[in-house]
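Residue-level structure breakdown
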Amino acid sequence: MLILMTLFSSCLFVSSSNIEDNVGNFFSSGHTNNWAVLVCTSRFWFNYRHVANTLSVYRSVKRLGIPDSHIVLMLADDMACNHRNPKPATVFSHKNMELNVYGDDVEVDYRGYEVTVENFLRVLTGRLPPSTPRSKRLLSDDRSNILIYLTGHGGNGFLKFQDSEEISNVELADAFQQMWQKRRYNELLFIIDTCQGASMYERFYSPNLMALASSQVGEDSLSHQPDLAIGVHLMDRYTFYLLEFLEDIHPASKTNMNDLFKVCPKSHCVSTPGHRTDLFLRDPGSVLVTDFFGSVRKVEITVETINLTSPIMQTEEKSAAYGDLQKETYSFSDQLPVSEIIHQKPKQKDWHPPDGFILGLWTLILLVFFKTYGMKHLKHIF
Amino acid sequence: MAAHRCVSSALLVFVCVLSVFTVARSQETTPPGGHGAPATDGPQTVTETTGQTAGQPAAEERRWEATEVKEATPDESAAEEQEAPAADTAAPSAGPRPKDDFQEELVIRPLHSGDIYASFQFRTLWETDFTRENKVSHYRLFPKSLGQVISKFSVRELHISFTQGYWRTMQWGQPYQPSPPGAELWVWFQDSVTDVDETWKELTNVLSGIFCASLNFIDSTNTVQPSASFKPLGIVNVTDHRFLRYATLPREIVCTENLTPWKKLLPCGSKAGLAVLMKSEKLFHSSFHSQAVHIRPVSPTSWELRQTLNVVFDLHTSGQGKREWSLFKMFSRTLTEACPLASSSKIYVDVTDNPQGEQFELSPATPLLSQEVVLGDRRTFSVYDLTQQITFGTVRSLNLLIRWKSSEGDMLRPLLHGERYVAGYGLQTGEIHTLMYNYHPYRSFPVLLLDSVPWYLRLYIHTLTVTSKGKDNKPSYIHYQPSKDRLRPHLLEMLVQLPPNSVTEVTVQFERALLKWTEYTPDPNHGFYVGSSVISSLVPSIVAMDTNITQERPLFSSFFPCKEESSYFVRVYTEPLLVNLPTPDFSMPYNVICLTCTVVAVGYGSLYNLLTRSFQIEEPSPGLAKRLANIIRRMRGVPPL
């Protein structure tokens with residue numbers, strides 16, 4: 001009997017220490033929420049592949065758990081409902097129209113002319129006008145892991161926005177430093193798929209940044225395959241193989257960053273993808289891919305009960321009294337009251353003080369008057 | 001020892017019994033039906049299964065009536081609580097009661113050109129007292145995002161529409177809800193708003209977030225304040241046009257990202273009812289697509305939210321050339337149930353031109369027919385009521401099929417039509433022509449024309465002419481507000497009487513302005529858009545219109561309030577204009593810098609060299625043999641060669 005009791009109590013003891021270990025592992029990665037900023041910077045129909053790139057990363061990120069409220073999606077042009085698109089409301093990533101990355105449940109936060117360098121930097125640093133809605137803001141804190149994905153046309157040290165302006169690598173590095181100083185991220189993963197993409201992360205100097213690029217300085221990133229029915233190239237090579245890699249990831253997978261660095265070797269990509277981890281504090285081998293691409297929530301089950309307060313009683317007695325008073329004066333208005341419009345009084349404009357021109361004109365008139373007739377007439381007037 | 005063992009075993013047995021008891025108690029919380037079924041024996045299983053199948057529809061019914069059952073208990077408890085104090089108020093209004101109402105409709109009108117016009121109408125009624133200042137916190141069917149927008153910005157009426165394509169009035173007739181291409185937003189604010197422009201700016205930003213559209217581009221350069229058009233569609237006390245703002249973005253594109261948040265405003269979302277049919281791949285592959293949200297007060301205590309989606313499917317692109325339409329062909333879905341939260345869910349098919357079924361055949365047949373007066377004409381509709389299970393038949397799904405037999409018959413010509421185009425040549429001047437057609441044989445009617453032209457097209461109002469049938473037609477009311485560069489656009493409102501069976505032409509000349517180089521869009525060679533003109537008019541109707549507002553009418557016929565029987569209100573939008581402005585060469589600064597640097601380098605550099613270079617004589621280097629000899633001579637100490 002006593003042996004049984006001791007065995008029982010020792011079992012309890014062991015399981016409780018397991019719980020403590022689990023609790024310890026709860027916050028080992030250091031972040032509590034995930035954000036993603038996905039930007040496509042190219043306009044015009046022949047840059048279909050850049051929109052498809054961004055949408056495929058959007059689709060993976062949504063599938064792995066990051067909700068729309070935590071994703072800022074910026075598309076510089078509309079490809080899905082473009083009049084040149086033979087299949088409207090679709091954006092394909094694989095030829096023969098296998099995978100529609102646009103889907104049925106997409107929310108684009110910045111679209112068309114709104115995708116500018118200024119708006120992008122304002123989103124990153126948080127310096128937006130006060131009336132900006134929440135869906136257009138990056139409301140991250142110091143426990144957020146942020147994924148930033150840029151794609152478009154670029155060169156050595158710059159990325160072109162909408163064929164009319166550029167962002168340089170120095171500006172980008174300074175924006176990240178601002179984010180670090182304002183404690184707007186815990187860890188940041190920066191992926192760029194443009195020509196000479198590695199030049200964009202050369203100038204980073206803030207801690208906890210990891211960067212991936214599709215090509216080195218002096219190399220061009222190439223597109224993958226055209227679709228003859230749609231008539232344009234559908235995806236870039238790097239993002240195509242990145243999408244294939246991400247399709248195998250599910251929210252509980254333990255794939256780490258070293259596997260991500262191996263995506264798209266030179267045999268597939270023709271260009272040499274590069275990465276930069278010297279500013280990152282943790283070892284890339286211990287960083288899970290879902291730390292940035294997914295939003296893995298730790299759930300704690302509790303068996304405590306909470307008593308809700310008593311329901312709110314809506315007071316309806318007073319409203320009845322108000323309703324009687326105002327029922328007579330409200331009615332539907334006449335949509336085109338012709339007689340009323342014809343006899344409409346002109347709108348009472350707000351009175352403004354006289355303009356400079358009017359003042360000058362009157363001063364001139366008065367001067368001429370008093371010059372001709374002399375000052376002695378002033379006495380008679382006033 | 002034996003006694004000890006007995007006591008310990010008794011203790012063990014006691015502990016085991018306790019544990020079993022606690023386990024059994026925790027399992028009691030599972031449904032007693034599930035617990036009772038395995039307890040019965042074999043011969044009783046047959047009766048058990050029949051009992052379960054009988055129990056299942058009862059369970060379904062309980063699910064449909066769940067809201068009422070739950071609210072009965074707080075009613076009773078509230079009634080009990082209120083009995084104790086002196087009850088001087090009306091007793092039945094105790095406790096919260098479901099007051100919101102949701103109705104959905106789909107109207108299908110086959111068009112004479114073989115196309116088909118489908119119009120979804122959703123209406124959510126929200127019972128709330130908007131004269132009370134305290135915040136509303138209970139939202140049942142009305143979407144919370146819009147309710148908060150209304151209360152925060154003191155909005156009385158809000159009308160927003162997103163349209164792709166242009167409505168062809170002459171081929172398709174009049175739509176149930178008209179809308180211009182692009183995005184259009186007009187708002188009536190409450191009298192309590194002090195700074196209307198500031199509130200308007202904030203409202204457009206918030207709406208751009210809700211609908212995923214770039215409505216934040218609406219600012220003072222494209223907002224106007226009409227003085228006579230756009231009267232409120234809801235109930236009013238007094239109309240002061242200082243609280244009205246109207247703006248249009250003709251360039252705005254509509255795609256799935258606008259449809260997704262629009263569908264989320266519906267009580268059932270896109271999961272049940274008519275909204276199941278809204279698949280973006282089919283809806284955007286059409287000639288015309290328009291989705292709109294209209295919010296207005298319909299009584300002092302209730303607000304109405306109408307969401308409408310009008311779509312015209314083309315015979316050749318969606319219909320593959322065959323004059324045969326079905327729900328599956330149009331939407332790639334069929335209907336299986338009505339929205340459980342809807343009080344009415346119906347499909348109306350316009351069969352006025354098909355009384356004996358000689359033009360097209362409609363299946364499955366339905367006994368319900370209804371006659372409605374809509375757009376000045378009495379139309380007959382076949383009605384499918386989706387709240388009745390019998391509509392879905394034995395296959396539990398409804399797929400309407402309309403098969404055309406003959407393609408004769410003409411459409412009734414619409415009485416009012418508008419067109420607009422730009423005339424002229426070159427990049428300096430031009431002329432805007434607006435044509436208004438009155439096709440009524442003997443009646444004339446007044447129209448109110450609203451034109452909002454951006455500031456960079458400088459209108460010369462002294463060249464404004466209005467002519468009908470070759471003669472000058474003087475408008476009875478003109479309101480013109482000139483533009484201010486980079487501040488506000490032109491606003492021209494005119495009340496013109498259109499003579500019967502005539503074309504009225506309004507022309508005005510303009511001059512194009514030069515923009516600053518930062519004000520051009522990234523693709524300036526596409527051109528700049530000028531928003532559609534709005535033609536509002538009271539058109540004489542063929543049959544007497546129903547002026548009784550409180551009668552139960554289907555949603556599509558009760559959008560515009562009707563004040564007199566002999567005419568009905570219609571709004572026609574013209575095409576938007578695409579105007580090329582003189583565009584600079586944006587590569588010019590780069591070219592200038594290259595050229596200047598080259599000229600400076602070549603010209604100045606060579607001149608500088610010529611002036612400052614000094615010349616030195618240098619002996620040519622000797623051959624190899626001589627160099628060797630010089631080295632030997634130097635070693636010997638003899639002067640070189």
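Residues numbered from 1 in each chain as written. Chains lettered and ligands numbered in written order. Predicted model: local features only at pLDDT ≥ 70, side-chain atom pairs only at ≥ 80, totals over all residues. Heavy atoms only, no water.

**Details of the sheet that holds strand 10 (residues 274-276) of chain A**
Pairing is mixed across the open sheet formed by seven strands, whose spatial order is 3-2-1-4-8-9-10 (chain A). Edge positions in the sheet fall to strand 3 (110-111) and strand 10 of chain A, since each of these pairs with one other strand and no more. (Pairing = 2+ DSSP bridges. Helix = DSSP H or I, 4+ residues; strand = E, 2+ residues; numbered from the N terminus.)

**Observations regarding the packing of aromatic side chains**
Residue and element names in this part refer to chain B. Enumeration over the complete set of coordinates arrives at 40 aromatic pairs over all chains. With 5.6 Å between their ring centres and 80° between their planes, phenylalanine 313 and phenylalanine 331 make a pair best called edge-to-face. Taken as a pair, phenylalanine 313 in strand 9 (residues 302-313) and phenylalanine 331 in helix 10 (residues 327-331) lie far apart in primary sequence, 18 residues in all. Take phenylalanine 313 and phenylalanine 331: they sit in the same class, and that class is buried. (Phe/Tyr/Trp six-rings, centres within 6.5 Å; stacked < 30°, edge-to-face > 60°. Buried < 20%, exposed > 50% of the residue type's maximum accessible area, 1.4 Å probe, protein only.)

**Thoughts on the side chain of A:Asn169**
Residues and elements named next belong to chain A. Tracing the backbone shows asparagine 169 in helix 4 (residues 169-181). Among the residues examined, asparagine 169 registers a relative accessible area of 8% and is labelled buried. Excluding residues within four positions of it along the chain, asparagine 169 makes contact with Gly157, Ser199, Met200, Glu202 and Arg203. (Contact = heavy atoms within 4.5 Å.)

**Quick word on the interface of chain A and chain B**
Every contact between the two is made by 52 residues of chain A and, on the other side, 68 residues of chain B. With both sides pooled, the region where chain A packs onto chain B buries about 5500 Å², and carbon together with sulfur makes up 60% of that total. It is A:Arg111, A:Phe332 and A:Gln335 that lose the most area in chain A upon contact with chain B, and together they represent 17% of the buried surface on that side. Joining chain A to chain B, the criterion identifies six salt bridges. Between A:Asp104 and B:Lys279 there is a salt bridge whose closest N-O contact spans 3.5 Å. Counting across the chain A and chain B interface gives 20 residue pairs in polar contact (both at pLDDT 80 or more). When residues of the side of chain A that touches chain B are traced back to their parent elements, those giving at least two are helix 9 (317-327), strand 11 (331-332) and helix 10 (338-342) of chain A. Ranked by residue count, the leading element in the side of chain A that touches chain B is helix 9 of chain A, at five residues. (Buried area = accessible area lost by both parts, 1.4 Å probe. Salt bridge = Lys/Arg side-chain N within 4 Å of Asp/Glu carboxyl O. Polar contact = N/O pair within 3.5 Å; in protein donor to acceptor, adjacent residues only side chain to side chain.)

**Looking at the side chain of A:Asn34**
Residue and element names in this part refer to chain A. Relative to the helices and strands, asparagine 34 resides in strand 1 (residues 33-40). Judged by its relative accessible area of 2%, asparagine 34 is buried. Polar side-chain contacts of asparagine 34 include one of 2.6 Å to the backbone oxygen of aspartate 291. Once you skip the residues sitting within four places of it in the chain, asparagine 34 turns out to touch Ile66, His70, Asn145, Thr290, Asp291, Phe292, Gly294 and Ser295.

**Section: the sheet that holds strand 15 (residues 401-404) of chain B**
Residue and element names in this part refer to chain B. Spatially, three strands are ordered 10-15-12 in an open sheet, and the strand pairing comes out antiparallel. Edge positions in the open sheet fall to strand 10 (324-326) and strand 12 (360-363), since each of these has one partner strand only. If you compare each strand with its neighbour and ignore which way they point, the axes differ by 10° on average. Here four bridges tie strand 12 to strand 15, and the two strands are oriented antiparallel to one another. Bridge pairing in strand 15 places leucine 362 opposite isoleucine 402. (Axes fitted to C-alpha atoms, helices over the stretch in contact; angles between N-to-C directions.)

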